[in-house]
Amino acid sequence: MAQHQAMERAVVDDAEPPLLPVMDANGRPGCPPNPPSALDGRIETFRRTHYPDTSDAVWENWHFQLSHRITTAEELSRFLTLSEAESAAFERADALLSFAITPHYLSLIDPNDRDNALRKSVVPTIAETIRSADESDDPLGEGEDSLLRCLVHRYPDRVLFLTTNFCSTYCRYCTRSRMVGHSEALSFHWQKGLDYIASHPEIRDVVVSGGDPLTLSDEVLDSLLASLFAISHVEMVRIGTKVPMVMPQRITEGLLQVLRRYKPLYMSVHATHPDELSSRSVKALNDLADSGVVLGSQTVLLKGINDSPETLRSLFHSLLKVRVKPYYLYQCDPISGSEHFRTTVDKGKALMATLRGFTSGYAVPQYVIDTPGGGGKVPILPAYEVGQDDHALYLRNWEGNIYRYPTLREVASC
Ligand SMILES: *Cc1c(COP(=O)(O)O)cnc(C)c1O
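Residues numbered from 1 in each chain as written. Predicted model: local features only at pLDDT ≥ 70, side-chain atom pairs only at ≥ 80, totals over all residues. Heavy atoms only, no water.

**Some points on the side chain of Ser83**
With respect to the helices and strands, Ser83 occurs in the loop between α5 (73-76) and α6 (84-91). Filtering out sequence-adjacent residues up to four positions away, Ser83 remains in contact with Arg114 and Arg119. (Helix = DSSP H or I, 4+ residues; strand = E, 2+ residues; numbered from the N terminus. Contact = heavy atoms within 4.5 Å.)

See below:
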């Protein structure tokens with residue numbers, strides 16, 4: 001008991017002031033900063049202002065969304081007034097990473113709010129041209145792992161299949177910003193990738209990523225999925241995509257028909273902020289779930305964008321409501337020009353501590369660091385195991401109380 005108290009004191013003495021989750025008057029987390037209805041209003045105003053002659057049918061066509069992407073500073077400044085830091089980024093053409101935003105995604109951004117979360121995630125600023133010493137163009141060492149142009153085989157039983165370098169919208173913090181947007185067609189390498197998977201019976205899980213694989217046509221996706229599922233040792237396929245958020249119009253009945261043919265098919269949806277969940281994206285995600293696709297999310301922890309307890313909780317609750325299980329929260333990779341996006345790992349741990357216990361376990365993703373140099377993902381937890389002796393493990397719970405769990409003595413064998 002004395003030990004228990006000593007432990008408690010030690011932990012309390014060392015503890016940083018806790019980051020507390022924010023509750024409303026009913027003891028529930030507050031509403032998303034912008035509920036879907038507010039976002040829908042923003043989309044309507046945007047369309048009325050900038051696309052008055054575009055019918056619903058045309059706006060809903062994903063090829064329209066692709067062909068009307070905003071790709072230059074001149075185009076962007078028709079929709080919002082660029083700040084000095086933003087304009088300066090475009091002037092550094094040598095250092096600028098690929099830039100494109102779909103009209104749909106731009107419509108979610110309040111043009112009068114320079115601090116808008118989605119704006120900061122897709123509009124470059126001069127900060128991204130600053131390369132600091134610990135950063136790299138390929139922090140995950142994927143170049144080294146990619147035996148073939150389109151395959152990263154890092155873990156024994158699963159591979160990352162890079163299908164395309166194209167995205168409808170480019171995230172400024174992209175871990176593959178060194179390659180996305182460049183015109184090299186990866187499809188030339190697909191057959192070699194498929195042959196590699198077919199000749200490695202230990203591969204049971206294929207992560208189809210890119211770029212964004214949902215920018216491929218229905219026919220091409222269908223044939224890729226058919227080829228993968230035809231390999232007898234491939235037990236599951238996952239698609240990594242941001243399309244339900246940046247171009248939900250892509251989730252057509254035709255695409256759903258293709259996806260329904262393949263089971264088990266998982267989808268990791270890249271989700272950054274609750275402002276992405278307009279009614280249109282909610283519909284896209286519901287359609288995917290209704291079609292039997294198992295949905296998880298991946299979120300990059302980003303300074304000034306989603307690094308608050310309220311924003312993360314809103315995001316994860318909003319996702320669960322549309323049957324997306326928060327899967328990973330990533331510490332931002334040290335990609336070149338990303339310093340302004342990175343939080344400290346301690347901040348990430350403190351944020352995780354505001355989730356566990358305060359909300360459904362289903363709303364709590366795994367916080368991971370994808371280790372620089374290609375070591376794979378490592379889970380990072382707040383300090384829950386606070387001490388250990390010969391008889392017990394001391395655990396701190398979600399409320400900060402210490403509990404003793406009696407441990408078994410190791411019995412020497414023979
Ligand atoms: C993230 C990743 C995977 C999948 O990892 P899980 O933890 O199984 O989701 C596979 N290969 C590579 C190269 C990855 O980066």
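**Things to note about the pairing of strand β2 (residues 158-162)**
Where a strand is regular, its side chains alternate between the two sheet faces. Where burial is concerned, most of β2 is hidden: 4 out of the 5 residues are buried. The antiparallel pairing of strand β1 (residues 151-155) with β2 creates a hairpin that spans 2 residues between the two strands. (Buried < 20%, exposed > 50% of the residue type's maximum accessible area, 1.4 Å probe, protein only. Pairing = 2+ DSSP bridges.)

**Quick notes on the sheet that holds strand β10 (residues 385-388)**
In spatial order, the strands read β10-β11-β12; together these 3 strands make up an open sheet with antiparallel pairing. Strand pairing shows two members of the sheet lacking a second neighbour, β10 and β12 (402-406), which therefore form its edges. If you compare each strand with its neighbour and ignore which way they point, the axes differ by 25 degrees on average. (Axes fitted to C-alpha atoms, helices over the stretch in contact; angles between N-to-C directions.)

**Focus on the state of the cysteines**
Within the structure shown, the criterion is met by 0 disulfides. The thiol of Cys167 is unpaired, and the distance to the nearest cysteine sulfur, on Cys174, comes to 6.4 Å. A relative accessible area of 14% places Cys167 in the buried class. (Disulfide = S-S within 2.5 Å.)

**Re the site of the ligand**
Taken together, Val152, Arg154, Tyr155, Arg158, Leu160, Arg238, Tyr327, Tyr328, Asp370 and Lys377 are the residues near the ligand. In the environment of the ligand, an oxygen atom lies 2.8 Å from a nitrogen or oxygen atom belonging to the side chain of Arg238. Take Lys377: an N or O atom from its side chain is 3.1 Å from an oxygen atom of the ligand. Within the complex, the protein chains bury 89% of what would otherwise be the 390 Å² of accessible surface of the ligand. Counting residues per element, the ones that place at least two in the shell around the ligand are β1, β2 and β7 (324-331). Here the shell around the ligand takes 3 residues from β1, the largest share from any one element. Residues of the shell around the ligand, tallied by class, amount to 5 nonpolar, no polar and 5 charged. (Near = heavy atom within 4 Å. Polar contact = N/O pair within 3.5 Å; in protein donor to acceptor, adjacent residues only side chain to side chain. Areas by Shrake-Rupley, 256 points an atom, 1.4 Å probe, with all protein chains shown as cover. Nonpolar A, V, L, I, M, F, W, Y, C, P; charged D, E, K, R; others polar.)

**Here's the deal with the environment of Ser209**
For Ser209, the position within the fold is in strand β3 (residues 205-209). In this structure, the C-alpha to C-alpha distance between Ser209 and Asn165, residues 44 residues apart in sequence, is 9.3 Å. Excluding residues that lie within four positions of it along the chain, Ser209 makes contacts with Leu160, Phe161, Leu162, Thr163, Thr164, Arg176 and Gly240.

**Focus on unusual backbone geometry**
Omega for the bond connecting Gly210 with Gly211 falls within 30 degrees of zero, at 20 degrees, which places this linkage in the cis form. Residue placement: Gly211 occurs in the loop between β3 and α11 (218-229). Backbone torsion omega between Lys263 and Pro264 reads -5 degrees, so that peptide bond is classified as cis. Note on placement: Pro264 falls in the loop between α13 (253-260) and β5 (265-270). Even without glycine at this site, Arg323 takes up a positive phi of about 65 degrees. With respect to the helices and strands, the residue Arg323 is situated in the loop between α15 (309-321) and β7.

**Here's the deal with the nonpolar core**
In terms of nonpolar packing, the biggest core is built from 87 residues, with Leu76 and Ile197 touching the most fellow members. Setting aside residues up to four positions removed in sequence, Leu76 forms contacts with Ile70, Leu82, Phe90, Phe99, Ile101, Leu106 and Val123. One finds Cys171, Leu302, Tyr328 and Val368 within the second-largest nonpolar core, a separate group that totals 11 residues. (Core = buried A, V, L, I, M, F, W, Y, C linked by side-chain atoms within 4.5 Å.)

**Quick notes on the pairing of β12**
As paired elements, strand β11 (residues 392-396) and β12 share 5 bridges and run antiparallel to each other. Directly across from Ala392, in β12, lies its bridge partner Pro406. Between β11 and β12, which pair antiparallel one after the other, the connecting turn spans 5 residues, and Gly400 there sits at a positive phi close to 95 degrees.

**Overview of the pattern of salt bridges**
Applying the stated criterion to the full structure yields 20 salt bridges. Of the charged contacts in the structure, one is a salt bridge between Asp137 and Arg131, with a shortest N-O distance of 3.7 Å. Assessed through its relative accessible area of 42%, Asp137 is described here as partly exposed. Among the salt bridges present, the one from Arg342 reaches Glu135, with a minimum N-O distance of 2.5 Å. Of this pair, Arg342 sits in the loop between β7 and α16 (345-353) while Glu135 sits in the loop between α8 (117-122) and α9 (142-145), and the two are 207 residues apart along the sequence. Look at Glu135 and you get buried, because its relative accessible area is 10%. (Salt bridge = Lys/Arg side-chain N within 4 Å of Asp/Glu carboxyl O.)

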